[in-house]
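# Analysis of the macromolecular model
Each chain is listed here by its residues.
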Amino acid sequence: MQNHGSGQKPTNDHERGVMDSFPASDALSDTATQGPRAVPAGGDHPSKHVPDAVTVSRHFKDHESAKLALEELVRSVPLDRSATELTGAELRLSVPRDDAQRIEAMLQAV
């Protein structure tokens with residue numbers, strides 16, 4: 001344990017490590033110009049992960065709005081992130097054909 005002068009609480013190595021960490025469940029942040037990649041560059045197209053997939057998409061006013069909509073849809077549909085693509089303000093989802101109409105309505109509502 002180290003003491004950093006009078007009046008300060010001693011700080012041990014464990015406490016210092018906790019102050020500089022974040023929960024493992026926290027998602028990594030995206031850059032302002034590029035959203036999360038659903039697949040690695042040059043990888044398979046997201047629709048290959050969804051049987052009998054169709055693509056639904058929507059253009060949002062900005063990247064942040066599109067990202068928030070994606071988060072909402074992942075929770076409420078639910079969607080597999082590997083079947084989503086966010087490029088700038090454009091959100092594209094590969095969804096099962098049988099469920100496309102419902103998901104399209106939800107996408108337009110967010």
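Use the structure listed above.
Criteria and cut-off values
- Sequence order sets the numbering: in each chain, residues are counted from 1 along the sequence as written.
- The model is predicted, so local features are restricted to residues of pLDDT at least 70 and side-chain atom pairs to those at 80 or more, both for listing and for counting; the totals for chains, interfaces and linings are taken over all residues.
- To get the side-chain values, take all heavy atoms of the structure and skip hydrogens and water.
- Think of a nonpolar core as a cluster: buried Ala, Val, Leu, Ile, Met, Phe, Trp, Tyr and Cys residues, connected wherever their side-chain atoms sit within 4.5 Å.
- Throughout, exposure labels follow a simple rule: accessible area from a 1.4 Å probe, protein chains only, divided by the maximum for the residue type, with under 20% read as buried, over 50% as exposed, and the rest as partly exposed.
- The numbering of helices and of strands both runs from the N terminus, where a helix is a DSSP run of H or I of at least 4 residues and a strand a run of E of at least 2.
- We call two residues in contact when some of their heavy atoms are within 4.5 Å.
- Strands were regarded as paired on the criterion that DSSP finds at least two bridges between them.
- Angles here are taken between N-to-C directions and fall from 0 to 180 degrees, while the axes themselves are lines fitted to C-alpha atoms, restricted in helices to the stretch in contact.
- Multiplying 1.5 Å by the residue count of a helix minus one yields the expected span of that helix.
- This arc is built from the directions going out from the helix axis to the C-beta atoms.

A word on the nonpolar core. Counting 17 residues, the largest nonpolar core has L73, L79, L91, L93, V95, I103 and L107 as the members making the most contacts within it. When contributions to this core are tallied by element, the ones reaching two or more residues are β1 (53–59), α2 (63–76), β3 (90–96) and α3 (100–109). No other element matches α2, which puts 5 residues into this core. Leaving out residues up to four positions away in the same chain, L79 has contacts with L73, V74, T84, L93, V95 and I103.

With that settled, the discussion passes to unusual backbone geometry. Each neighbour pair has its own omega, and for V77 with P78 the value is -15°, a cis peptide bond. Mapped onto the fold, P78 is located in the loop between α2 and β2 (84–87). In this structure, D52 takes a positive phi of about 50° despite not being glycine. Tracing the backbone through its elements, the reader meets D52 in the loop between α1 (13–19) and β1.

Along the chain, H63 falls in helix α2. On a C-alpha basis, the gap between H63 and G88 in space is 5.1 Å, while along the polypeptide they are 25 residues apart.

With that settled, the discussion passes to the sheet that holds β1. Strand order in the open sheet formed by 3 strands is β1-β3-β2, with antiparallel pairing between adjacent strands. At either end of the open sheet lies a strand with only one pairing partner, and these are β1 and β2. Sheet twist, expressed as the mean angle between neighbouring strand axes with direction ignored, is 15°. Two strands pair when backbone bridges link them, and β1 and β3 are joined in this way by 7 bridges, in the antiparallel orientation. Note that in β3 the partner of H59 across the bridge is E90. α2 contacts β2 and β3 of the sheet and is inclined by roughly 20° relative to β3. Packed on one face of the sheet, α3 meets β1 and β3 and runs near 10° to β1.

As a further point, take α2. For α2, which comprises 14 residues, the first-to-last C-alpha distance of 20 Å matches the rise-based estimate of 20 Å (1.5 Å per residue) to within 8%. Regarding α2, the residues found buried are H63, A66, K67, A69, L70, L73 and V74. With its buried residues spanning 160° around the axis, α2 presents them on a single face. When the buried face of α2 is taken as reference, the exposed residues oriented beyond 90 degrees from it are L68 and R75.

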